[in-house]
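Residue-level structure breakdown
Below, each chain spelled out in residue letters.
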Amino acid sequence: MSELRDLFNPRSIAVVGASRTPGKIGYEVLRNLIEYGYEGAIYPVNPKANEILGVKCYPSLLAIPGEVDVAIISIPAKFVPEVLEEAGKKGVKHVVIITSGFKEIGNVELENKIVEIAKRYGMRILGPNIFGYVYTPAKINATFGPRDVIPGGIAFITQSGALGIALMGMTILKGMGISAIVSVGNKADIEDADLLEFFEKDDNTKVVLIYMEGVVNGRRFVKVAAKTTLRKPVIVIKSGRTEAGAKAAASHTGALAGNVAIYMTAFQQSGVLVAKTVEEAFDWAKAFSWLPLPKGDRLVVITNGGGAGVQTTDTLAENGILLNPPPESLANEIRKFVPPFASLANPIDMTGMATEDMYYKAVRAAMENPEVDSIIILYCHTVITDPVGVASAIIRASKDAGGVTKPVVVSIIGGREAADAIKMLTQNKIPAYPTPERAASAMAAIYKYIKLREQVKLRLQQLEKL
Ligand code: COA
């Protein structure tokens, strides 16, 4: 296991600067930690308090009787070096520094100082200038973000704090399961590559999502990301893609967003999937976290609307995926129950007359057909069928076919009822989206990952031969 093991599976966590006042960061971090159910020892540290939120408080780290694996620090910047000296003497392994006021505002000297102290004691620093971190398998929510993060397979590393917190909330709203959320801020010590090394081996993590402004050590990132790609997908939202954006990033976390072309080459070499928008990245991550990878490229699209089918075909083609006719065996099966004017090409268009029962039969047939490797299901809301009924038909079909054994993504297009249907599918871990393009893009990302992984494998094999 990587050396970050104790950060994610600590026996005890201290919160230095645990405040007595609700609404203050030190109070909210402690509250999240307690209420999310962390089962190790929790030690609030505040010289002015005896107890906070019913937990005994200590005047300093050194006054804590037990060992401390992780210390969360939420006190003003100028006091941080002193507390780090104490943490070092106490034998703390990881310090998570929430405090702002370091390199991001030009205070490089203070940042160098904390790095020097931590190095001297062999401590690792997460931050500074962060909102904390979450690791759901250990029931840790040491952030001042939303509390009820849903456990699941997505690890999310974010260089932006406020955006990261906002996205934390979005994962809850969208029903996305999270293994970890890590705010990396100024990356004074722990950087993306360190975290990738941990998540690569972490069985709780199925996909890694990184919001990145700049990278500290490009060469190392490429090497570690390539190794991670062999085991699981890594999605990067690279902000600062333009010169103007790069300038904005520099004044944000002090990151050098660097030359865009260099980044893109590095991502290409490491097999990383680059998402342009937050929405795209989350759509892909959802699909990767719930779906198996396809065994081949025989992709079938099932729809009740020609337009949705065409939009899907276009999006796939833009991503280098061309649809072939469906297998004869599937077309023959579906022909039995669809209207005579249905189209049995690919997309299979069951027409606007498609009923819940037709969806059930078609989806089940495609799922059970050994000549089908992956499925996109589209449904445009018509008065013939209720979207929730279609969603439940898809869920039943996948259960009756023995579970989701091949990748399947769904788009339910329509109004409020469509949103309810998407929610229902999401609760059943079937990735569903409100537009056909988003469903197609998620499926395309799956195929792109397989291709990238293959390229990385080849490159690594060639390197070994040199
Ligand atoms: N050890 C332990 N506790 C200490 C302490 C020390 N050395 N020094 C102060 N404290 C206590 C204070 O008494 C206070 O508790 P109280 O509210 O019960 O009195 C608590 O720690 C916090 O200290 P305070 O001086 O009130 O600071 P603050 O809460 O106003 O601000 C930070 C501290 C870290 C939140 C602030 O400096 C900061 O950096 N804010 C920005 C954080 C941020 O945005 N990060 C990036 C997010 S993406």
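Everything below is about the structure shown above.
Numbering of residues starts from 1 in each chain and follows the order in which that chain's sequence is written. Totals for whole chains, interfaces and linings use all residues, but because this is a predicted model, local features are given only for residues with pLDDT of at least 70 and pairs of side-chain atoms are given and counted only at 80 or more. Excluding hydrogens and water, the side-chain figures rest on all heavy atoms present in the structure.

A few words on the site of the ligand. Whether a residue is near a molecule or strand depends on its heavy atoms: it is near if one of them lies within 4 Å of it. The environment of the ligand is made up of 23 residues, and the closest members are Ser 19, Arg 20, Lys 24, Asn 46 and Ser 100. One nitrogen or oxygen atom from the side chain of Ser 19 is found 2.6 Å from an oxygen atom belonging to the ligand. One of the backbone nitrogen or oxygen atoms of Ile 130 is found 3.5 Å away from a nitrogen atom of the ligand. Considered on its own, the ligand offers 970 Å² of accessible surface; in the complex 74% of this is hidden by protein. The nonpolar class holds Ala, Val, Leu, Ile, Met, Phe, Trp, Tyr, Cys and Pro. Asp, Glu, Lys and Arg form the charged class, and all remaining residues, Gly among them, are polar. The class makeup of the residues in the shell around the ligand is 11 nonpolar, nine polar and three charged. Think of a polar contact as two N or O atoms within 3.5 Å of one another; within protein, one of them needs to be a possible hydrogen donor and the other a possible acceptor, and neighboring residues in sequence only count if both atoms come from side chains. Throughout, the Shrake-Rupley method with a 1.4 Å probe supplies accessible areas, and for residues the shown protein chains are the sole cover considered.

Further remarks concern unusual backbone geometry. In the segment running from Gly 127 into Pro 128, the intervening peptide bond is cis, with an omega of 0 degrees. Numbering of helices and strands starts at the N terminus; helices are DSSP runs of H or I of at least 4 residues and strands are runs of E of at least 2. Looking at where Pro 128 falls in the secondary structure, it is placed in the loop between β7 (124-126) and β8 (132-135). Residue Asn 346 is joined to Pro 347 through a cis peptide bond whose omega torsion reads 5 degrees. Its location among the elements puts Pro 347 in the loop between α12 (328-335) and β16 (348-349). Of note, the phi angle at Leu 53 is positive, near 55 degrees, even though the residue is not glycine. Relative to the helices and strands, Leu 53 resides in the loop between β3 (51-52) and β4 (55-56). In this structure Leu 53 comes out as partly exposed when scored by relative accessible area, which is 34%. Positive phi, close to 60 degrees, is recorded for Lys 429, a residue that is not glycine. Mapped onto the secondary structure, Lys 429 falls in the loop between α15 (416-427) and β19 (432-433). When a residue's accessible area, from a 1.4 Å probe over protein chains only, is under 20% of the maximum for its type it is buried; when over 50% it is exposed; and in between it is partly exposed.

Position of Lys 406 relative to the elements: it lies in the loop between α14 (387-400) and β18 (408-413). Lys and Arg are tallied as positive, Asp and Glu as negative. Neither His nor the chain termini are counted. Each reported salt bridge corresponds to a side-chain nitrogen of Lys or Arg within 4 Å of a carboxyl oxygen of Asp or Glu. One buried charged residue, Lys 406, remains without a salt bridge, the closest side chain of opposite sign being Asp 373 at 6.5 Å. Of note is the side chain of Lys 406, whose polar atom sits 2.8 Å from the backbone oxygen of Asn 369. There is a polar contact of 2.8 Å between the side chain of Lys 406 and the backbone oxygen of Val 372. If sequence neighbours within four positions are ignored, Lys 406 has contacts with Pro 292, Ala 366, Met 367, Glu 368, Asn 369, Val 372, Asp 373, Ser 374 and Ile 375. Whether two residues are in contact is decided by their heavy atoms: any pair within 4.5 Å suffices.

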